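Okay, here's what each chain looks like letter by letter:
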Amino acid sequence: MTSSNIKDLLTSFSPTSEFYAISSGDGRVKIWNTLTGRLQVEFVNLSTDNADGGIMESKHESKYLSLDYTCMHWAHLGKKNKRKSGHLLLVLGTGGGDVLSLDVSSGQLKWKFSDCHPGGVTAISFSEHDAHVYTTGIDGMVCQINLKTGVSLRNFQAFTKAISSLAVSPDGNMFAIASAQLKVFNSNNKKIQKFTGHKIGVRCLTFSEDGKFILSSGVGERYVLFWKIDRSANHSTCCPLPMENPAVSLNCKGSESMDSKDTGLYVLAISEIGLCYFWHGKSIEDMRTSKATKISVSFMHATLRNKGYMSTIYSGKIQSIGNQASGVVLLACGSIVKPSFEKLTVQYGIDVNISSSQEIIFLPAIHLDGSNKDQASKTRVTVLDHANAEDATIPLPTMIHNQKGTKKRKHSKSHIVADHRKHSNATIPLVGS
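Starting afresh in each chain, residues are numbered from 1 along the sequence in its written order. Residues qualify for local features only when their pLDDT is at least 70, as the model is predicted, and side-chain atom pairs are given and counted only at 80 or more; totals for whole chains, interfaces and linings, by contrast, use all residues. Heavy atoms throughout the structure, all of them, feed into the side-chain values; hydrogens and water do not.

Peer 1: What's the story with the pairing of strand S23 (residues 276–281) in this structure? I'm lost.
Peer 2: Exposure is judged per residue with a 1.4 Å probe applied to protein chains only, and the accessible area is read against the type maximum: over 50% gives exposed, under 20% gives buried, and values in between give partly exposed. Runs of E in the DSSP output that reach at least two residues are strands. Runs of H or I that reach at least four are helices, and both are numbered from the N terminus. Of all six residues that make up S23, six are buried, and the element is covered over most of its length. By the alternation rule, side chains of S23 split into Cys 276, Phe 278 and His 280 and Tyr 277, Trp 279 and Gly 281, which are all buried. Judged from the six bridges that link them, strand S22 (residues 265–271) and S23 form a sheet pairing that is antiparallel. Bridging from a neighbouring strand, Ile 270 pairs with Cys 276 of S23. The antiparallel pairing of S22 with S23 creates a hairpin that spans four residues between the two strands, and Gly 274 there sits at a positive phi of about 85 degrees. Only strands that DSSP links by at least two bridges are regarded as paired with each other.

As structure tokens, this is what we get:
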């Protein structure tokens, strides 16, 4: 995959980062094991029309796009590291307004909430504090759902127009929703603060790990905004973090503190063209003047290097942080047909370029749109290494999941562990996926 617009992809790492979910708008949801690089399970042509309420496969290719997924979020019952059936769930919203919960271990549908948001579901978030799922939609409603049963606990009208983003605080005591305006509510659905500043709908929304700040980025906006939650009448932003292209995802770790022993704030963002941005600051004042560290993936093959082709990062997550302005980052990059997962330690202030000199295969790429129409008219190719080539050039077998069991797909080749790459004068060790 070249430097393409990735804004239409739905992606999400599981809470422990062991699994990765991706849907590219073709009606399929793939779950990859990030440790082995293998396909864990694939949900194809989901239907719940059978009497047992299980998952059925459409027999006709014309029904392939049976479900239009619009958002996804991981959730879990009990402890995060449990792999028992029913503990790890992927919750999805559809353009038809339904909310579905998929059991990754059994490959089955756990529950379905039909017509939860007429007009379409726009965002999903999960509260670990009480094991509840929050959803929003075109109808401007917020719905709270019991994760175990799929039963609606309560809902209320938060906006008179469509809601575009939703996030639950780490302690579960607050949740934020946004259209162009951003509102913060407590767990009793009482509004505690309102922010204005985005000119258009908010695409990315997340809380800082300490719950003191909200980070947001709007559609087409080339910056990330910090908002301080203090219940004051001052609704101005604390600081903007500039980007060269709009963000499609945000991730934040750490907490603000002036204590030199504390780690500070860490922010990770993925842009529409697949470039990863990494910021660090001891406090919000440091963040005001921080300059983003950039992480990119490119191929060293001479032909591609001369033409400026670049592989794409389309997901990222900060797994852990250190006390020397560094963090361990997990990235999903390369081909969306068979992703490559790269785990590396990023030192703030040192740009990282992950390079590959392996043999390559060319496939048609996704065209750019919007402000990049001139570039879209140029010939584009997708680059895959041989580790990804086999699954990309042959038809994918259909995975059928029902109540009787799960059929697993066999891989004829194991995932190739990435070699150490070099950037600048430093060598970043990559832990094999």
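Peer 1: Help me out: how do you make sense of the sheet that holds strand S3 (residues 28–33) in this one?
Peer 2: Sheets are built from strands paired through backbone hydrogen bonds, the pairs being either parallel or antiparallel. Spatial strand order, S1-S2-S3-S4: four strands in an open sheet with antiparallel pairing. Two strands bound the open sheet, and with one partner strand each, they are strand S1 (10–13) and strand S4 (39–44). The mean angle between the axes of side-by-side strands here comes to 15 degrees, regardless of whether they run parallel or antiparallel. Pairing of S1 with strand S2 (residues 19–23), which is carried by four bridges, proceeds in the antiparallel orientation. Following the sheet pairing, Ser 12 is matched in S2 by Ala 21. Here, axes are lines fitted to C-alpha atoms. For helices the fit covers the stretch in contact, and angles between N-to-C directions go from 0 to 180 degrees.

Peer 1: Looking at this model, I keep getting lost on the sheet that holds strand S5 (residues 69–76). Mind explaining?
Peer 2: Strand order across the open sheet formed by four strands is S5-S6-S7-S8, with antiparallel pairing between neighbours. Of all strands in the sheet, those with a lone pairing partner are S5 and strand S8 (108–113), marking the two edges. Here the strands of the sheet are splayed against their neighbours by 20 degrees on average, with no regard to which way each runs.

Peer 1: Quick question: what am I supposed to make of the UniProt feature "repeat: WD" (unreviewed entry) in the chain here?
Peer 2: UniProt positions are given in the numbering used here, feature names are shortened, and annotations may be inferred rather than shown by experiment. According to UniProt, the "repeat: WD" (unreviewed entry) feature falls on residues 12–42 and 195–237. Structurally, residues 12–42 comprises 0% helix and 55% strand, and the distance from its first C-alpha atom to its last is 15 Å.

Peer 1: Teacher, can you tell me more about the pattern of salt bridges here?
Peer 2: Once their charged atoms are close, side chains differing in charge can pair, the charge on each being opposite to the other. Salt bridge criterion: a side-chain nitrogen from Lys or Arg within 4 Å of a carboxyl oxygen from Asp or Glu. Applying the stated criterion to the full structure yields seven salt bridges. With its nearest N and O atoms 3.2 Å apart, the salt bridge here joins Arg 28 to Glu 42. One end of the pair, Arg 28, is in strand S3; the other, Glu 42, is in strand S4, with 14 residues separating them in the sequence. Glu 42 matches Arg 28 in its accessibility class, with the two residues each being buried. Lys 294 is paired through a salt bridge with Glu 244; the nearest N and O atoms lie 2.4 Å apart. Of this pair, Lys 294 sits in strand S24 (residues 293–299) while Glu 244 sits in the loop between strand S20 (239–242) and strand S21 (247–254), and the two are 50 residues apart along the sequence. For Lys 294, a relative accessible area of 25% gives the class partly exposed.

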